[in-house]
Amino acid sequence: MKKIVLVSCLLAANLFAMSGLEIAKKSDVAVSGFESSVSTMQMVMINSAGQKTVRDMKGATLEKEDGDKMLMEFLSPADVKGTKLLTYQHVDKDDDQWLYLPALKRIKRISGRNKTGSFMGSEFSYEDISSQEVEKYTYPGEVKEVPCGDKTCYKGVRIPKNRLSGYSKQITWVDKDTFLVQKVEYYDRKKSLLKTAIFSDYKKIDGVWRVGKIDMKNHQNDKETLLIWVDDKVKAGLTDKHFSKRVLKQ
Amino acid sequence: MKQIALPFLLASLLGAGEIAYKGNLGIEYDYFSDTPPGKRSDTFAFRGDVEAKKETGDGEVKLHLKGIWDKEDSERRYVDFQELYYKHNFENSELLIGRNILFWGALEVYNIADVFNTKDTLDDPFDYDRKLGAWNVAWTRFFDNSELAVILRLHEEDQKFQDEESVFNFLPLPYDSDLITEYDRRPSLFVKYSGSGEEVQIDYALVYEAGYDDQRYFTYDRKTGKLRQHAYWVNKLLGYTTYVHEDTIYKAEAAWVVSDDTKVSDYLHLGAGLEHTLYGVWEKRDLGLLLEYYRYEQFNDTKFSTRELGVLFQNDLYLGARFSFNDTASSEILAGVDFDLDESEKIYFLKYDTRVLDQFKTEVQYQHLSPSKNSLFSRTDHLKVAVSYYF
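Residues numbered from 1 in each chain as written. Chains lettered and ligands numbered in written order. Predicted model: local features only at pLDDT ≥ 70, side-chain atom pairs only at ≥ 80, totals over all residues.

**Overview of the pairing of strand E2 (residues 52–62) of chain A**
All names here are of chain A.
Working step 1: The pairing of strand E1 (residues 36–46) with E2 spans 11 bridges and is antiparallel. Considered in E2, the bridge of Gln 42 is made with Asp 56.
Working step 2: The hairpin formed by E1 and E2 contains 5 residues between the paired strands, and Gly 50 there has a positive phi angle of roughly 90°.
Working step 3: Taken together, the 6 bridges between E2 and strand E3 (residues 69–74) define a ladder with antiparallel strand orientation. Across the sheet, Ala 60 pairs through a bridge with Leu 71, a residue of E3.
Working step 4: Count of turn residues in the E2/E3 antiparallel hairpin: 6 residues, of which Gly 67 carries a positive phi of about 125°. (Pairing = 2+ DSSP bridges. Helix = DSSP H or I, 4+ residues; strand = E, 2+ residues; numbered from the N terminus.)

Listed below in C-alpha cells is the structure:
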C-alpha cells in the first residue's frame, strides 16, 4: 500500500511539474502584449580596468506574430548620432536589416546573419538584443525549483535552434510567481561559461511587464555592460508604417 | 530659386521652436611624395560641418553648412550650403523644396548611379562622397515596400578645382569654372522607383533622367586661354541593386546613356561586386572581403575617348578587405588595391579610423599610386591624417 501511495505521489509530482517549454511560453506571455513600444536606453560599457563608456539610444518595437520589427537610433557618441538600424526579425529565416548612415545619406542593406557580433562594442551580441521567441529554442531536461535571491525560480536549459548562434546552451532562472526571467547564463560553442545576464528593475507598464535593467558580465574577458531603460512606453500606437525604410531618413 | 528660398528657409529655421543640431570641427594634413615641379608637397586645412534641424508640425526645415579653410590654397576657402530645405510629410508622401544631398548606389569604391549631386572637386576630387548640394523640388509617394520619386533638379552647379599648385589640380591649363551647358542650364528631371523584396533579401532602384549628365568634358577657350567645363543633355536609365544571401552581399550598378552632344558617344557604365563577411574571425572582430569590377563601353569610337572624358572606372578591378574591431571606439582598417586594367595603373590604399575620448574621430590614410607611362598622374605616395571633434 505504502509503495502504491509513493508511486502515485511521484507520478502526480511529475504530472504537475512544468516543462521548460511551458515555462518559456508563460514567460513569453508575461512580457507580451505591449503591441508597440518606444524606449530611451543607456548602455554603460565597463572594461576590465573599470573604465566606463556610455552610449545613448532610442528604440521602437512593433510586436508581430512572425517576428518583431525594431528600429534603433543611436544618439551618442556624437559621430554616429542619427545612425539608425532597422530590423525585421524572422523566426524561420535570416532577419532583414538596414543601416542608415546620416553622414553619407546612405541606406545600406546588411546581412542579418551576424548573430554573434558585438552590438556597439558592448558585451551584448546581436542575438542577445533580438526578441527571444519561444520557437527559437529547444528545452531539454528537467526544470528544477531553486532559490534565487528572495524568490523561488524555475531553473532550466534552453538550446538555440539556429546553427549560427554563438551559444551551445543557455541556463535560465525564471521567477516562479511572475514568470519573469531573472538570470541567464550563456555558454559558448566550446561549452564554457561565457556570460551571465541579470535582469532587474521590472516594472508593470499598462499591464505589461517590462525589464528596466540588464547587467551582462563576460566571464572570459572580465568586461561588463549595463543596459538601462531610461524611459519606456508601451502600446505606443505604432504601425508598420513607423518601421518602413522611409523613417530611416527622417 | 536660391534667392527666393534662402531667406525663407533661414527665417523658418530661426523662428520659434526647438532646433536639434550636430556637427564637427576638424583638421586634416596631406603629404605627397615625388610631387611634380610647381606642385605643393603638403596641405593643411581646417574643416567643419554644422547641421540644424527643426520640426514644424508635419514638416521640417534643415540646414547643413560645410566650411573649409585651406592654409595654402585660397581657392579652397569656402562655405557651402550642403543642405537647406523644407520637407512636408503627408500621410503617404512627402514634398521637399530646397537644396539637399542624396545618395544613390550600392557599390563601395565608386557609385555609377550616384549622379544627383555634382562632386565637390574643390574639396577632394577623388573622394566621391564629397558632393555639392543640389537645388530641387522633389515629391515622393510611399507604398508598402517601395517608393516613387519625381525630382526636378533646378540648377547645374559649377565644378571648381583646387589651385594650380595643388596635386589635386591635374588640369594642364588654367581653368575657368563658369560652366557651359547645352540648353542654358534648364532643369533636369529624375523619376526614381525603388523598393525591397519581401521573400528575398533584395533592394533595387531604377532611375530615368532627362537632364544633364554627371560626366562633363573640357574645352579650350581661345579668348581667355582657359579650359571650361561643358555639361551636356542626356536621356539616362540608371539602376542599382543589393542582394543578401547568407554572409555575402551582392551589389550591382548600371547606367545606360543616350547623349544629345555630338562630341560624346552614347555609353553603358556597369559595376558589380560582392562583400563577404567572416564574422568573429578573431574573437569578436569581423573581416569583410570586397571585390568590385567596373566597365565603361562607349558605342561610337570616333567621339571623345574615356581618357578625354576623364573616366576613371572604365575597366577597373578592385580587391579589398575591411577589418572591424567591433570595439567601443568603432575602430576599422580598410585596405585594398584598384587595378586599372586598360592603363596598367594600380592604386594601393590603407585606411585606419578610430574614436578617441568619445568625441574625437581620427583617420590615417595611406595611398600609393603606381601609374602607367602615359598616365595623367605621376607616381606618388599620399599620407593623410585627420582629426575631428564631434558635437
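Alright, that's what it looks like, and here's the rest.
**Thoughts on unusual backbone geometry**
Working step 1: Ser 76 of chain A connects to Pro 77 of chain A through a cis peptide bond whose omega is 5°.
Working step 2: Here Pro 77 of chain A shows up in the loop between E3 and strand E4 (84–88).
Working step 3: Look at Asp 34 of chain B: it is not a glycine, yet its phi comes out positive at around 50°.
Working step 4: Checked against the element boundaries, Asp 34 of chain B lands in the loop between strand E1 (19–32) and strand E2 (42–56).
Working step 5: Of note, Glu 283 of chain B is a non-glycine position whose phi angle comes to about 50°, a positive value.
Working step 6: Take Glu 283 of chain B: it is sitting in the loop between strand E15 (267–282) and strand E16 (285–298).

**Brief notes about the sheet that holds strand E11 (residues 217–221) of chain B**
Residue and element names in this part refer to chain B.
Working step 1: A sheet is described by the order of its strands in space; here 3 strands give the open sequence E8-E12-E11, paired in mixed fashion. At either end of the open sheet lies a strand with only one pairing partner, and these are strand E8 (175–181) and E11. The sheet shows a mean angle of 35° between the axes of neighbouring strands, direction not considered.
Working step 2: Relative to strand E12 (residues 226–231), E8 is paired through 4 bridges, and the arrangement is parallel. Bridge assignment links Ile 180 to a residue of E12, and that residue is His 230. (Axes fitted to C-alpha atoms, helices over the stretch in contact; angles between N-to-C directions.)

**What about the nonpolar core?**
Soluble, globular proteins show a tendency: their nonpolar side chains are buried together.
Working step 1: Counting 34 residues, the largest nonpolar core has Trp 104, Ala 113, Phe 116, Val 207 and Tyr 240 of chain B as the members making the most contacts within it.
Working step 2: Leaving out residues up to four positions away in the same chain, Val 207 of chain B has contacts with Trp 104, Ala 113, Phe 190, Lys 192 and Leu 238 of chain B.
Working step 3: Counting residues in each nonpolar core, the second largest holds 24 residues, with Cys 153, Leu 194, Ala 197 and Met 216 of chain A among its members. (Core = buried A, V, L, I, M, F, W, Y, C linked by C-beta atoms within 7 Å. Buried ≥ 20, exposed ≤ 12 C-beta atoms within 10 Å, placed from the backbone. Contact = placed C-beta atoms within 7 Å.)

**Regarding the confidence of the model for chain B**
Working step 1: Residues with a pLDDT of 70 or more make up 97% of chain B, whose mean pLDDT is 93.
Working step 2: Predicted as a complex, the structure gets a pTM of 0.89 and an ipTM equal to 0.91. (pLDDT = per-residue confidence, 0-100.)

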